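# Structural description and commentary
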Amino acid sequence: MSRTVTVKNVIIGEGTPKICVSLVGATLSDLKREAAALKTLAPDLVEWRADFFEQVEKLEAVVDALGVIRALLPDLPLIFTFRSAKEGGEKEIGTGDYIALNKAAAASGLVDIIDVELFNEEEDVRALIAAAHDNNVFVILSNHDFHGTPPKEDIISRLRKAQELGGDLPKIAVMPGSPADVLTLLAATHTMKEEYADRPIITMSMAGSGVISRLAGEIFGSALTFGAAHRPSAPGQVGVRELREVLALLHRSL
């Protein structure tokens, strides 16, 4: 597989890490305001964190909201994400609802990427990836550990598993307990990219001490980073303008 993924006109895995900003509005009005404000920041991609949406359990309302977001941001690649509570999200839904929600998003014709959590039943993960690919939608296959940073070998193993299952963009986010944990994440990222990856990967160490991992992806091998607009969707996110300046600075230094 190609070491890059092209979504609309954005090439993930080439040059500086691409910047994604999340929409986290609870209502359609909130989402409209966020999307309008996001235009001025000009990120590379936008993610809708649907777990923040108060009507997320109504498929028709979700698809309608996707239509509104797409109309306001027609040129930006759009990621659909329902982050479960067990992986740091706002709420939990049943497995059947999770599958139906992601399949509806993929089939809507309104999203470019869906985010599927790696630690679901493998049969369900494979079914969601197949459904996405049938609709020409890419898949971020993700894992979020808010309790700590696994050993380097475990981080690599999870990323390799996501790749083997067919995820287009394997992703892992971990919580550091020390600067050494951040180094573990960066070392795992570098080894994965150099020795195993045949596609772009996304990695990050969260919270304040992990900020360097959100900035230095081009050096260590992470192809996408998440920036904050008004409200961060995860601990440690940097404002988009500052993030872009640092990414450009590091790129010029390489």
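Quick summary incoming for the structure in this document. Treat the numbers as computed from the prediction; the structure is a model and nothing was measured.

### Some thoughts on the pattern of salt bridges
- Inspection of the entire model under this criterion finds 13 salt bridges.
- Across the pair Asp112 and Lys8 runs a salt bridge, and its minimum N-O distance is 4.0 Å. One end of the pair, Asp112, is in the loop between helix 3 (95–107) and strand 6 (113–117); the other, Lys8, is in the loop between strand 1 (5–7) and strand 2 (10–12), with 104 residues separating them in the sequence.
- A relative accessible area of 14% means that Asp112 is categorised as buried.
- The exposure class assigned to Lys8 is partly exposed, which follows from its relative accessible area of 38%.
- Residue Asp115 pairs with Arg83 through a salt bridge whose shortest N-O separation is 3.0 Å. Note that Asp115 is positioned in strand 6 and Arg83 in the loop between strand 5 (78–81) and helix 3, a separation of 32 residues in sequence. Exposure class is identical for Asp115 and Arg83. Each is buried.

### Structural notes on helix 4 (residues 122–134)
- A rise of 1.5 Å per residue sets the reference length of helix 4, with its 13 residues, at 18 Å; its end C-alpha atoms lie 18 Å apart and thus fit the reference within 8%.
- What helix 4 keeps buried is the set Asp124, Val125, Leu128, Ile129, Ala131 and Ala132. Around the axis of helix 4, the buried residues are gathered within 160° of arc, so they sit on the same side. In helix 4, the exposed positions that point more than 90 degrees away from the buried face belong to Glu123 and Asp134.
- Buried-residue contacts for helix 4 involve helix 3, strand 6 and strand 7 (138–145).
- In the stretch just after helix 4, Asn136 is the one whose phi turns positive, near 60°.

Conventions used here
- Residues numbered from 1 in each chain as written.
- Predicted model: local features only at pLDDT ≥ 70, side-chain atom pairs only at ≥ 80, totals over all residues.
- Heavy atoms only, no water.
- Salt bridge = Lys/Arg side-chain N within 4 Å of Asp/Glu carboxyl O.
- Helix = DSSP H or I, 4+ residues; strand = E, 2+ residues; numbered from the N terminus.
- Buried < 20%, exposed > 50% of the residue type's maximum accessible area, 1.4 Å probe, protein only.
- Expected span 1.5 Å × (residues − 1).
- Arc of directions from axis to C-beta.
- Contact = heavy atoms within 4.5 Å.

In short, geometric facts, not functional conclusions.
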